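For reference, the chains in residue letters:
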Amino acid sequence: MTSINRFIDFNDELIDAGERLRLERLARALTGVADLGLTERQHIEFRPASNELAMSVFWRHRDPEVTEQGRLSDLYLLAAGFWSSFNLAVWRDYRSETETHPLREFLRSAVLLFEELRITDEVISERPGTAEAFTLRRQLYGEFHKGQQPVNLSRGFHADALFNHLYTVIHGIPDAYASSEEELAGLVEPVLFSVFDARSTADSVRMAERLAPLLYGRLEEDLHHTYYAVGDGLTGPKSDFHYHRGTKDREKGEAGKKDSVGELFSTWHAANRSEKGMHLNYELEHGRIGEGDGSGAREGREGTEATSTGRGQSSADERTGIAQEAGSEAASAEAGAWKKAEGFGTANESVVYREVLAEPDNRTEAYERILKWREESVPHVRAIIKEMQKRIERKMEERREGLPKGRLSKNPVSVLLNERPRPFYRKQSPSKRLDAVFGLLVDGSGSMADKLDETKKAVLLFHDILRSLDTAHGIAVYQEDSATATKTRQPNTFQWLHRFRDDGKDDAGRILSLEAGDDNRDGFAVRWMTQRLLQRPEAHRFLLVFSDGEPSAFGYGQNGIVDTAEAVREAEKQGITVIHLFLSSAPATARQQELFRMMFGSRSVSADSIDRFSDETLRILRKLLVLATGNM
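Here is what the cut-offs are and how they apply
- Residues numbered from 1 in each chain as written.
- Predicted model: local features only at pLDDT ≥ 70, side-chain atom pairs only at ≥ 80, totals over all residues.
- Heavy atoms only, no water.
- Core = buried A, V, L, I, M, F, W, Y, C linked by side-chain atoms within 4.5 Å.
- Buried < 20%, exposed > 50% of the residue type's maximum accessible area, 1.4 Å probe, protein only.
- Axes fitted to C-alpha atoms, helices over the stretch in contact; angles between N-to-C directions.
- Helix = DSSP H or I, 4+ residues; strand = E, 2+ residues; numbered from the N terminus.
- Parallel < 35°, antiparallel > 145°, perpendicular 65-115°, else oblique.
- Left-handed = near helix turned anticlockwise from the far one by under 90°.
- Contact = heavy atoms within 4.5 Å.
- Nonpolar A, V, L, I, M, F, W, Y, C, P; charged D, E, K, R; others polar.
- Phe/Tyr/Trp six-rings, centres within 6.5 Å; stacked < 30°, edge-to-face > 60°.
- Lys NZ or Arg CZ within 6 Å of the ring centre and 35° of its normal.

**Q** Could you give an account of the nonpolar core, with specific residues and numbers?
**A** The tendency in soluble globular proteins is for nonpolar side chains to be buried as a group. Counting residues in each nonpolar core, the largest one holds 73 residues, and the members touching the most others are Phe46, Leu53, Phe106, Phe114 and Leu215. Listed in part, the 45 residues of the second largest apolar core include Leu460, Leu469, Ala508 and Ala628.

The following block contains the structure:
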């Protein structure tokens, strides 16, 4: 999408993808979960259904150092504290016991308040380096509760004011509550003296149980505000989870209740993975309860002919002879079979995708347009081809002098003048084609509709130059079907305009068939093309992304920015150079440029206008070709 302005200002915040990835790596290191995700919510919380931890937005719009330390305290508390020290069995029992209590939210929040204090002290004791972050956390949250206390009293929110008082008393922050609510303060404060002796979740629950009879009848209403959400997602599996008929009895009693958050995440995530996809669906839904006994097996007979035959789908690359596995671009692009996205990051776990080969546009109008565009670009194509050919020839002629072995130089004066002569030389290995491969991803979202002609022209120029240089390249359009996307299934389609194996083939007709679709899931597309580039034998691999804005797909908002940035970094770690070209009818704003830097780093460029798409494409391609020839 071109615009990154949203209606709600709160959601218009741009996250720093680099910072989010750094904090996410810290969370993964503390928990030991390699694919754990990180997001932001109103309060810190666990989200086992999506395998995520949530930091609090409380730390936004503060000095950078305060924001940094505050978010670190969130992660320390969640990943190093509650993750292993919070007893889920005790917590669930207490939630069940207080389900009908008129002050249930107050009492549950009190337990979590006591647990935060206990777990914070444990983390600091085990990791002294976290003390600075927790000191800041206590100070700022203490100021928050102290400030909210008189506001809540003035509004008649007595339960909220009392909860504010609990926080300030526990953390040694003086307030004015006792002077106005002397009776309640005198009743609850003696109970709080034992909070520092708590050694378990059960101890925290016992203190809340001691508070309950003291408050019963004295507080008319429960909390009006939410102060803790850390326990909300830890009560059980999500509503759409179910055991299949074929496995229900087998699983009964095997797992039991999980005592820690870490165990819950591990079990829940494994169960969710097994629930997704169509694999073994019939056996799970309709299979017998219990294990098979093998009674239905038949003994084989020597000489029996096969009742059916099948042909494998593997094929070899026409140029290199390297085998392509079934399911690769070479084998199944035409089939269009839906496949489950596995290994594409936590943000894309519910994605299914297919690869299809675009049908060429054979209309007379399309043919005439191709001729016109090629006629306009002929001088540019010829110039860059001539330049690359000269560079290749120069590389073939260059030779390395002063070597200890090789061919003897025609003028070996160094034998007489030097104590350790090196009179040999070697020519550079001759090469008639670039040892490089290019992958081009074209955003196929609906917002591309007003830029299709110029985009097609730029893609055609890209295709013509590389085809003339006999350089391997693949071009694919990516888009997500927003009409059928759901929480558990997000269908994405990659439409090949030119495949890597189609060396030398003129696919101008397929390029002219490019059409706009619905949504764009950029990080997923980058990972998909990265996998295909890594299968190539060339030494230099380049991935270009043509898009007109930020990622936009089902459940792929701000986490889509982080996912794209992570996908780009992973690709570059594996030796793939990623370049982004922003396609827009107007120059990129400062906000858009900041967004693209977060996702693509310094390798993001933008065209000043639609007419400049081809010029920018030519400039980028020339630089990459020079880079490839310089490292031959």
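**Q** Lay out the packing of helix H4 (residues 104-126) against helix H5 (residues 131-155) in plain terms, naming residues and giving numbers.
**A** The geometry of H4 relative to H5 is characterised by a closest axis approach of 10 Å and an angle of 155° between their N-to-C directions. Our classification of the angle between H4 and H5 gives roughly antiparallel. Of the two elements, H4 crosses H5, and the hand of that crossing is left-handed. Where H4 approaches H5, its residues Glu116, Leu117, Thr120, Asp121, Val123 and Ile124 are matched on the opposing element by Ala131, Phe134, Arg137 and Arg138. When its residues are assigned to classes, the contact of H4 with H5 shows 5 nonpolar, 1 polar and 4 charged.

**Q** Explain the packing of aromatic side chains residue by residue, including any values.
**A** Per the stated rule, a full pass over the model turns up 24 aromatic pairs. When the centroid spacing of 6.3 Å and the interplanar angle of 80° are considered together, the rings of Tyr353 and Phe494 count as edge-to-face. With Tyr353 in strand E7 (residues 351-357) and Phe494 in strand E13 (residues 490-498), this residue pair connects regions lying 141 residues apart in the sequence. Of the residues examined, Tyr353 reaches a relative accessible area of 6% and is grouped as buried. Look at Phe494 and you get buried, because its relative accessible area is 1%. Geometrically, the ring pair formed by Phe494 and Phe524 is tilted, given 5.7 Å between the ring centres and 40° between the ring planes. Here Phe494 is found in strand E13, whereas its partner Phe524 is found in helix H18 (residues 522-534), with 30 residues between them in sequence. An aromatic cluster is present here, built from Phe344, Tyr353, Phe494, Trp496, Phe500, Phe524 and Trp528 joined pairwise through their rings. Seen from the ring of Phe58, Arg62 lies directly overhead, with NZ or CZ sitting 4.5 Å from the centre.

Read these as spatial facts, not as claims about activity.
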